[in-house]
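Here is what each chain is made of, one letter per residue.
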Amino acid sequence: MQKRVIITGAAGFVGSHLAEKFLNEGWEVLGIDNFITSTPENLRTLKENPAFRFMEMDVVKIDPSSLLDFEPSLVMHMASPASPVDYFNMPIETMLVNSEGTRKMLEVARRAGARFLFASTSEVYGDPEIHPQPETYWGNVNPIGPRAVYDESKRYGEAMTMAYRRLFELDVRIVRIFNTYGPRMRPNDGRVVSNFITQALTGKKLTIYGDGSQTRSFGYVADTVEGIFRLATYGGLEGEVVNIGNPAEITVKELADTIMKLIPSAAGIEYLPPVPDDPRKRRPDITKARKLLGWKPEVPLEEGLRKTIQYFRSILNI
Ligand code: NAD
Ligand code: UDP
């Protein structure tokens, strides 16, 4: 396989780490981003590498033939607002990048004869009735609720990806990413880890939505990127859908307590009204990732949080 990959969303949190991983593995990378939920700052070190190219562009408006000169062997569609606050603020952009944007990037892969990977999400399981969630679970999503712009467009993206598999026998893979955190998250992206760390570092109360008994399973970005890299590059995985996440499940209240332990200047907790349709629990079943990719998370929560806190201190000058 030629080592040339197109990564959409390359200026984002996960996308920029992924681009770095591919460069470190000797790939040429063409990154695409329109900065709707990021800044060029995440590209700074990437741009120092001559094997990295970048195009500022809206994926939804791409002419697929314009990317063929790059001769990609792999196309990874990572672009999409991912924080609930972002997709509540940009509902149409979110729906378009995961629907029409996915079709455009599938067309690039089809015309280039390249492999395709779609970045999906644990949100396709909605508020799950099966716990933990295996890939065989179809989910429990409210199609008209506020989260639908994200959940349903990711489900559409998955369906479109599988349609290209069935119609054109394209080599496609789908990764369902569970909550991921780490350096290069935006302090104001509204996600729970960024909010809690920023609040604790600036002496504010940590805002818990609801009673804090809802659970999540947080994966450190280096682990997530390793899992995605293996799913994208290993042979014989055509049409596979794989969960990538850390099965260590904790409540939001326990997360707040852990962050307050690591940042003693934190000013306590403030309870706010619950978010509509907030999933009550979430935990990946990673049996498939272990079996197909020999992958499991390596970084425990406190270690990952320490690294993330260090990053937030540096960018906030604290
Ligand atoms: P992010 O917001 O940091 O990055 C997304 C990037 O996509 C941004 O740089 C944004 O500017 C870009 N983008 C959005 N729409 C675009 C468009 N139309 N054209 C070009 N660029 C566009 O989010 P992230 O956390 O890095 O998430 C990356 C991917 O992983 C997303 O597809 C997301 O749905 C998925 N995911 C992430 C998580 C997580 O916990 N971080 C969990 C599940 C799924
Ligand atoms: N949350 C919270 N306080 C915050 C931000 C989020 O209590 O300041 C909760 C949110 O309601 C959800 C969980 O933390 O139950 C994870 O939220 P996040 O937005 O990080 O991601 P989600 O898993 O909902 O996509």
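Below you will find a few notes about this structure. All values derive from a computational prediction rather than experimental measurement. (Residues numbered from 1 in each chain as written. Chains lettered and ligands numbered in written order. Predicted model: local features only at pLDDT ≥ 70, side-chain atom pairs only at ≥ 80, totals over all residues. Heavy atoms only, no water.)

1. A short note on the site of ligand 2
If you check the shell around ligand 2, you find 18 residues, and the closest are V192, T207, R216, D278 and R282. Within the backbone of V192, one N or O atom sits 2.8 Å away from an oxygen atom of ligand 2. At 2.6 Å, a backbone N or O of T207 approaches a nitrogen atom of ligand 2. In isolation ligand 2 offers 510 Å² of accessible surface; the protein chains occlude 95% of this area. Of all the secondary-structure elements, those providing two or more residues to the shell around ligand 2 are α7 (192-201) and β8 (206-209). A per-class count over the shell around ligand 2 returns seven nonpolar, five polar and six charged. (Near = heavy atom within 4 Å. Polar contact = N/O pair within 3.5 Å; in protein donor to acceptor, adjacent residues only side chain to side chain. Areas by Shrake-Rupley, 256 points an atom, 1.4 Å probe, with all protein chains shown as cover. Helix = DSSP H or I, 4+ residues; strand = E, 2+ residues; numbered from the N terminus. Nonpolar A, V, L, I, M, F, W, Y, C, P; charged D, E, K, R; others polar.)

2. Observations concerning the site of ligand 1
Close contacts around ligand 1 come from 29 residues, with V14, D33, T37, S38 and Y150 the closest. Between T37 and ligand 1, the recorded distance is 2.6 Å, taken from a side-chain N or O atom to an oxygen atom. A distance of 2.8 Å separates a nitrogen atom of ligand 1 from a polar atom in the side chain of D58. Contact with the protein chains removes 96% of the 810 Å² of surface that ligand 1 exposes when unbound. Elements with a contribution of two residues or more to the shell around ligand 1: α1 (13-24), β5 (115-121) and α6 (148-168).

3. A few points about the pattern of salt bridges
Applying the stated criterion across every chain yields a total of 28 salt bridges. Close ionic contact of E107 with R110 constitutes a salt bridge, the shortest N to O distance being 3.0 Å. Separated by three residues within a single helix, E107 and R110 lie in helix α5 (residues 100-112), roughly one turn from each other. Relative accessible area serves as the criterion here: at 7%, E107 is assigned to the buried category. Classification of R110 by relative accessible area gives partly exposed; the value is 34%. Through salt bridges with shared partners, a single ionic network connects E123, R147, R216, D278 and R282. (Salt bridge = Lys/Arg side-chain N within 4 Å of Asp/Glu carboxyl O. Buried < 20%, exposed > 50% of the residue type's maximum accessible area, 1.4 Å probe, protein only.)

4. Some thoughts on the environment of P273
Within the fold, P273 resides in the loop between β13 (269-272) and α10 (287-293). Between the alpha carbons of P273 and I208 there is a distance of 8.3 Å; along the sequence they are 65 residues apart. Apart from the residues lying within four places of it in its own chain, the contact partners of P273 are Y209 and G210. (Contact = heavy atoms within 4.5 Å.)

5. Thoughts on helix α11 (residues 301-316)
The α-helix winds at 3.6 residues per turn, so residues separated by three or four positions along the chain end up facing the same way. The first and last C-alpha atoms of α11 sit 22 Å apart over 16 residues, in line with the 22 Å expected at 1.5 Å per residue. Of all the residues in α11, the buried ones are G304, L305, T308, I309, Y311 and F312. Angularly, the buried residues of α11 cover 165° about the axis, an arc narrow enough to put them on a single face. Looking one or two residues beyond α11, the residue adopting positive phi is N317, at roughly 55°. (Expected span 1.5 Å × (residues − 1). Arc of directions from axis to C-beta.)

6. Structural notes on the sheet that holds strand β1 (residues 4-8)
One open sheet holds the seven strands; their spatial order is β3-β2-β1-β4-β5-β6-β11, and the pairing between them is parallel. Across the chains shown, the open sheet's two edge strands, defined by having one partner strand only, are β3 (52-56) and β11 (240-244). Shown here is a sheet whose adjacent strand axes are inclined to one another by a mean of 20°, direction ignored. Of the pairings in the sheet, the one linking strand β4 (residues 74-77) to β5 comprises four bridges and is parallel in character. Residue pairing across strands places M76 opposite L117, the latter belonging to β5. With respect to the sheet, α1 is in contact with β1, β2 (28-33), β3 and β4, its orientation differing from that of β1 by roughly 170°. (Pairing = 2+ DSSP bridges. Axes fitted to C-alpha atoms, helices over the stretch in contact; angles between N-to-C directions.)

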